[in-house]
Amino acid sequence: MAEISKEIEALEKELSQYPNGYISRKIINEKERFYLQWTEDGKVKSKYIKYDELERYRILIEKRNELRDRIKELRSTPEGVLDSNLKRKAVRNMKNFTGSLMSENTHIAKVKNGVITESVEKLLPLYLKRTKDIQGWTASRAIDSHRTNSRLLKKVLRLRTVDDVQTALAVNAATVTDRYWFKPEGSNATYEDIRFKENYFDQLALRGDPDSFSQKPSRTPELTNTGSFEKCWKLIDGEWWIYKSGNDAEYFSELFICKLGEKIGLSMAHYEMDGQYIRSKDFTEGAKVNFEPIRSLVDDDEDYETCFNAITNISKDLAQQYLLLIWMDSICYNMDRHTENFGFLRDVKTGKIISLAPNYDNNIALIAKGYPKDVTRKNDGLIRFFKEFIQNDRNAFEMYREMELPLITEKIIDECLDEISIEADREYIKTFILSGQKHMTDILNNDYEIIDSTDSTESLTL
């Protein structure tokens, strides 16, 4: 059903780009005229079409009709019918989505039937400042429904919904890493009432623990613990730790990059092993600051230039922090820096962006998916992506040239390897990292030039 739903959603989005209605032919003052005609709010409206634009409109309308037929065909399938029923249910649920969006105990927006009616602009989450889409923001906070243990979690909590908005609202859309939450109309709850103080379902979320089914349903941060890997929050001595499952290669990569970053002075989320799982302490320290992913500004577009420009519009200092992040990603071969695993720290009281969040989530980097064949990095794709970005963006190039980049040495790499108990090919790691650093430095030794975008990537069309 997920694939059908995604195809319908994509087609509906494409459909919205085409003109609605039909072409009407009229004779006015013995002259043939053509109009685009459609119905809006019960009224017939029209727009004059110049003769030289007529064929283009005919093609667009024909394409729109093809898309509508395809959507109708998909909706008639059993999966499509189920998807439509779920969407209708979601619309009905929005009628109960009325209340206040809160930051701690401060009202920052009024919500009526799933629509923001009033807001304190400077305190809104960045995504809502940009879009005002309260439904999309709330849904983005829900646990990934594709994780096996998320289904078990919903079952033990008696949560009868597949709707992400309702999943998040089951715990007031609260999370561990920020102080935003939703207060339903008529509720007398305070932030102290809704914030997470325990988690009896950590083992169920992490490893599908069957004994968790003996626990009574209670508030848990797992319903808003996003990401595709099985993971959980544990409260240890008053501090939250995120635990994540994986294999030795993933653990090694996460630990090595963490230690390497710490030793060269980068802002890193700290990782360590605890038994058979890797863990990292909550870098917001119990939401003393609000964390917000870069997705808030760019949706799913992880392109370097898109992210760099969005961050540069905020401040040069943040843009340099971003360049340092993707510099490290390039050297350490992080293939999966997407728009949900880096972002900003914001002041809870003022809404001011303080800095980029510490570097975290490097479990699909380095040797996590095996040892890359090209240890000398001569044809390295990630380094090439960074080089093309730098050479095509003069502002990024100049900023990169001004930066004092950290120096990774063989001694530092040895120290990192000595502190990790998981075995890896020591000589390979040293050659791979130092070669990556050299190629990243060599980028600055070339004269700045604009690369023709038609030459920078090969066509994928057959």
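Note that the structure is a prediction, hence the values are computed from the model and not measured. (Residues numbered from 1 in each chain as written. Predicted model: local features only at pLDDT ≥ 70, side-chain atom pairs only at ≥ 80, totals over all residues. Heavy atoms only, no water.)

## Overview of the packing of aromatic side chains
Two measures describe an aromatic ring pair: the distance that separates the ring centres and the angle between the ring planes.
Reasoning step 1: What the rule picks out here adds up to 16 aromatic pairs.
Reasoning step 2: Seen in terms of ring centroids, Phe 97 and Phe 182 are 4.8 Å apart; in terms of plane orientation they differ by 80°. Their pairing is edge-to-face. Residue Phe 97 is found in the loop between helix H3 (78-94) and strand S4 (99-103), and its partner Phe 182 is found in strand S7 (residues 180-184); the two are separated by 85 residues along the sequence. Taken individually, Phe 97 and Phe 182 each receive the classification buried, so the pair is uniform in this respect.
Reasoning step 3: Members of the aromatic cluster, each reached through a chain of ring pairs, are Tyr 304, Phe 308, Phe 386, Phe 389 and Tyr 400.
Reasoning step 4: The aromatic ring of Tyr 57 is capped on one face by Arg 56, whose charged end is 5.0 Å from the ring centroid.
Reasoning step 5: The lysine or arginine in question, Arg 377, covers the ring of Phe 432, its NZ or CZ lying 3.8 Å from the ring centre. (Phe/Tyr/Trp six-rings, centres within 6.5 Å; stacked < 30°, edge-to-face > 60°. Helix = DSSP H or I, 4+ residues; strand = E, 2+ residues; numbered from the N terminus. Buried < 20%, exposed > 50% of the residue type's maximum accessible area, 1.4 Å probe, protein only. Lys NZ or Arg CZ within 6 Å of the ring centre and 35° of its normal.)

## Section: the pattern of salt bridges
Reasoning step 1: This model, assessed by the stated rule, comprises 39 salt bridges.
Reasoning step 2: Taking the shortest distance from any N to any O, the salt bridge between Glu 121 and Lys 132 comes out at 3.2 Å. Linking Glu 121 in the loop between strand S6 (115-119) and helix H4 (126-131) with Lys 132 in the loop between H4 and helix H5 (134-139), this pair joins segments that are 11 residues apart in sequence.
Reasoning step 3: For Glu 121, a relative accessible area of 37% puts it in the partly exposed group.
Reasoning step 4: For Glu 419, the salt bridge goes to Lys 259, with nearest N and O atoms at 3.6 Å. Placement of Glu 419 in the loop between helix H16 (410-418) and helix H17 (426-442) and of Lys 259 in helix H10 (residues 248-263) is noted, with a sequence separation of 160 residues between them.
Reasoning step 5: In the salt-bridge network here, residues are joined through shared partners; they are Glu 410, Asp 414, Asp 418, Arg 426, Glu 427 and Lys 430. (Salt bridge = Lys/Arg side-chain N within 4 Å of Asp/Glu carboxyl O.)

## Concerning the pairing of strand S5 (residues 106-112)
Reasoning step 1: The pairing of S4 with S5 spans 5 bridges and is antiparallel. Within S5, the residue paired with Ser 100 across the bridge is Lys 110.
Reasoning step 2: Taken together, S5 and the strand that follows it, S6, pair antiparallel across an intervening segment of 2 residues, in which Asn 113 is found at a positive phi of about 55°. (Pairing = 2+ DSSP bridges.)

## Thoughts on the state of the cysteines
The bond known as a disulfide is covalent and runs between the sulfur atoms of two cysteines.
Reasoning step 1: Evaluation of the coordinates by the stated rule reveals 0 disulfides.
Reasoning step 2: The cysteine Cys 332 is free of any disulfide, with Cys 416 supplying the nearest cysteine sulfur at 9.2 Å.
Reasoning step 3: With relative accessibility at 1%, the residue Cys 332 sits in the buried group.
Reasoning step 4: Considering cysteine sulfurs only, Cys 258 is the nearest to Cys 416, which forms no disulfide, with 9.0 Å between them. (Disulfide = S-S within 2.5 Å.)

## Overview of the sheet that holds S4
Reasoning step 1: Ordered in space as S6-S5-S4-S7, the 4 strands form an open sheet in which the pairing is antiparallel. Lying at the two open borders of the sheet, with one neighbouring strand each, are S6 and S7. Taking the axes of each pair of neighbouring strands and ignoring which way they run, one obtains an average angle of 30° across the sheet.
Reasoning step 2: Here S4 pairs with S7 via 5 bridges, running antiparallel. Bridge pairing links Ser 103 to Tyr 180 in S7. (Axes fitted to C-alpha atoms, helices over the stretch in contact; angles between N-to-C directions.)

## Here's the deal with the environment of Gly 351
Reasoning step 1: One can find Gly 351 in the loop between strand S13 (343-347) and strand S14 (353-356).
Reasoning step 2: Judged by its relative accessible area of 13%, Gly 351 falls in the buried class.
Reasoning step 3: Sequence separation between Gly 351 and Ile 429 is 78 residues, and the spatial gap between their C-alpha atoms is 41 Å.
Reasoning step 4: If we ignore the near neighbours within four places in the chain, the residues touching Gly 351 are Lys 122, Leu 123 and Arg 346. (Contact = heavy atoms within 4.5 Å.)

## Overview of the confidence of the model for the chain
Reasoning step 1: Here the chain averages 90 in pLDDT, while 92% of its residues score no lower than 70.
Reasoning step 2: Contacts from residues 447-462, a stretch scored under 50 in pLDDT, to residues over four places away or in other chains number 14 contacts. (pLDDT = per-residue confidence, 0-100.)

## With respect to helix H2 (residues 54-75)
Reasoning step 1: Between its terminal C-alpha atoms H2 stretches 32 Å, which fits the 32 Å expected from 22 residues at 1.5 Å a residue.
Reasoning step 2: Looking at H2, one finds that the buried residues are Leu 54, Tyr 57, Ile 61, Arg 64, Leu 67, Ile 71 and Leu 74. Axial view of H2: buried residues confined to an arc of 165°, hence all on one face. (Expected span 1.5 Å × (residues − 1). Arc of directions from axis to C-beta.)

## Looking at helix H12 (residues 304-312)
Reasoning step 1: The set of residues buried in H12 consists of Tyr 304, Cys 307, Phe 308, Ala 310 and Ile 311. One side of H12 holds all its buried residues, which, seen down the axis, span an arc of 165°.
Reasoning step 2: At its buried positions, H12 is contacted by helix H11 (295-298), helix H13 (316-332), S13, helix H14 (381-392) and helix H15 (394-402).

## A look at a negative patch on the surface
Reasoning step 1: Among the surface-exposed residues, Glu 55, Glu 62, Glu 66 and Asp 69 lie close enough to one another that they form a single negatively charged patch.
Reasoning step 2: Considering the arrangement of structural elements, one finds Glu 66 in helix H2.
Reasoning step 3: Glu 66 gets classed as partly exposed once you look at its relative accessible area, which sits at 44%. (Patch = residues over 30% accessible without salt bridge, like charges linked within 9 Å, V, L, I, M, F, W, Y side chains within 5 Å. Areas by Shrake-Rupley, 256 points an atom, 1.4 Å probe, with all protein chains shown as cover. Lys, Arg positive; Asp, Glu negative; His and termini not counted. Charge placed at Lys NZ, Arg CZ, Asp CG, Glu CD.)

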